[in-house]
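Residues per chain, in single letters:
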Amino acid sequence: MFKLSTRTVFSWRNFYSNIFYRRCALTNSFVKGKSATRKYALSFLGVSLCSGTTGSHNKLQRPELTNLSHSELIRNASMMAVDSASSLLNQTVLALIHIETEYVQSVDDLILVLEYNLQALGRPRQENELWDMILACRSKVNDKIQARQELEGVLTSAEKALATAAETAFLAGSDYACITANERLHSAQIQLEPIRTKSREVAAKLTAMEVKTITETTKHAENNADAAKNIPVDMSQEIPVT
């Protein structure tokens, strides 16, 4: 018959005794309140976490950048260049749309004032006030034209930069970045086309309104001159001699 040694029996007896004492302590702490149980649980959790992080297999490993080849680094850099050039183009397109919208509004205001000026012909006081408004509107329109020309130059440079970045990405092996850049160039032109069309339309209206203003003003001046010639002069009045 197999017999257990005294040392083995003593070790098992200690094991069960420890379990019994732990259960009693946990039961007493539960009876006293939840704070003791929570403290016991947190201490046990802290011990477990500390024991779990001692191993070398749980440490964070820093990525080895030396494993990247030169071609991969060039490809990544070319993709970043495409992103930067695309961002520059986006901001330029938004700014150009904004300035074109303001230009259209300024031209509409100028056309409206010119129409009021035609209606006020023959009333000098109103004509003077309207001419001051016309000069202010023309100055605003000229400022918008200058700002638009500057942004057009920036847009041309941004498009060249994105086209160059797309070509570089293609040579570096990043076909997706090249396709994305070409699509963005095409999308920029599509976004600008409606506001450019409207800008050309209001510019044509302004030209027609200016021609009409010149014609009506000249005609009105000629009528006034003819009316002044046809005023009868009373020759019966004696001219006083000094």
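Quantities reported herein were computed from a predicted structural model and do not represent experimental measurements. (Residues numbered from 1 in each chain as written. Predicted model: local features only at pLDDT ≥ 70, side-chain atom pairs only at ≥ 80, totals over all residues. Heavy atoms only, no water.)

### Side note on the overall build of the chain
Assigned secondary structure in the chain consists of five helices and zero strands. For the chain, the succession of helices and strands along the chain, N to C, is α-α-α-α-α. Burial analysis of the chain (242 residues in total) assigns 22% to the buried set. Residue pairs at least 24 apart in sequence account for 78% of intrachain contacts in the chain once pairs closer than 6 positions are excluded. About 18600 Å² of surface is accessible on the chain, with carbon and sulfur atoms providing 60% of the total. (Helix = DSSP H or I, 4+ residues; strand = E, 2+ residues; numbered from the N terminus. Buried < 20%, exposed > 50% of the residue type's maximum accessible area, 1.4 Å probe, protein only. Contact = heavy atoms within 4.5 Å. Areas by Shrake-Rupley, 256 points an atom, 1.4 Å probe, with all protein chains shown as cover.)

### Details of the side chain of Ser86
Within the secondary structure, Ser86 is located in helix H3 (residues 70-119). The contact partners of Ser86, leaving out residues within four places of it in the chain, are Leu162 and Arg184.

### What about the packing of H3 against helix H4 (residues 124-172)?
When two helices pack together, their arrangement is given by the angle between their axes and by how far apart the axes lie. Taken N-terminus to C-terminus, the directions of H3 and H4 make an angle of 165 degrees; their axes are 7 Å apart at the nearest point. By the criterion of interaxial angle, the relationship of H3 to H4 is roughly antiparallel. For the pair H3 and H4, the crossing hand works out as left-handed. Taken together, the residues of the contact of H3 with H4 break down into 34 nonpolar, six polar and 11 charged. (Axes fitted to C-alpha atoms, helices over the stretch in contact; angles between N-to-C directions. Parallel < 35°, antiparallel > 145°, perpendicular 65-115°, else oblique. Left-handed = near helix turned anticlockwise from the far one by under 90°. Nonpolar A, V, L, I, M, F, W, Y, C, P; charged D, E, K, R; others polar.)

### Brief notes about the nonpolar core
Ranked by size, the top nonpolar core spans 19 residues in total, and within it Val82, Leu89, Val93, Leu96, Leu155 and Leu162 carry the most contacts. For this core, the secondary structure elements donating two or more residues are H3, H4 and helix H5 (175-229). Among the elements that take part in this core, H4 stands out by supplying seven residues, more than any other. Here Leu155 is in contact with Leu89, Thr92, Val93, Leu96, Leu192 and Arg196, once residues within four sequence places are set aside. One finds Tyr103, Val107, Leu110 and Val141 within the second-largest nonpolar core, a separate group that totals 17 residues. (Core = buried A, V, L, I, M, F, W, Y, C linked by side-chain atoms within 4.5 Å.)

### So, the pattern of salt bridges
Under the definition given, this model contains five salt bridges. Here Glu102 ties to Lys144 by a salt bridge, and the two come within 2.6 Å at their closest N and O atoms. You can see Glu102 sitting in helix H3 and its partner Lys144 sitting in helix H4, a full 42 residues away along the chain. Its relative accessible area of 24% is what places Glu102 among the partly exposed residues. (Salt bridge = Lys/Arg side-chain N within 4 Å of Asp/Glu carboxyl O.)

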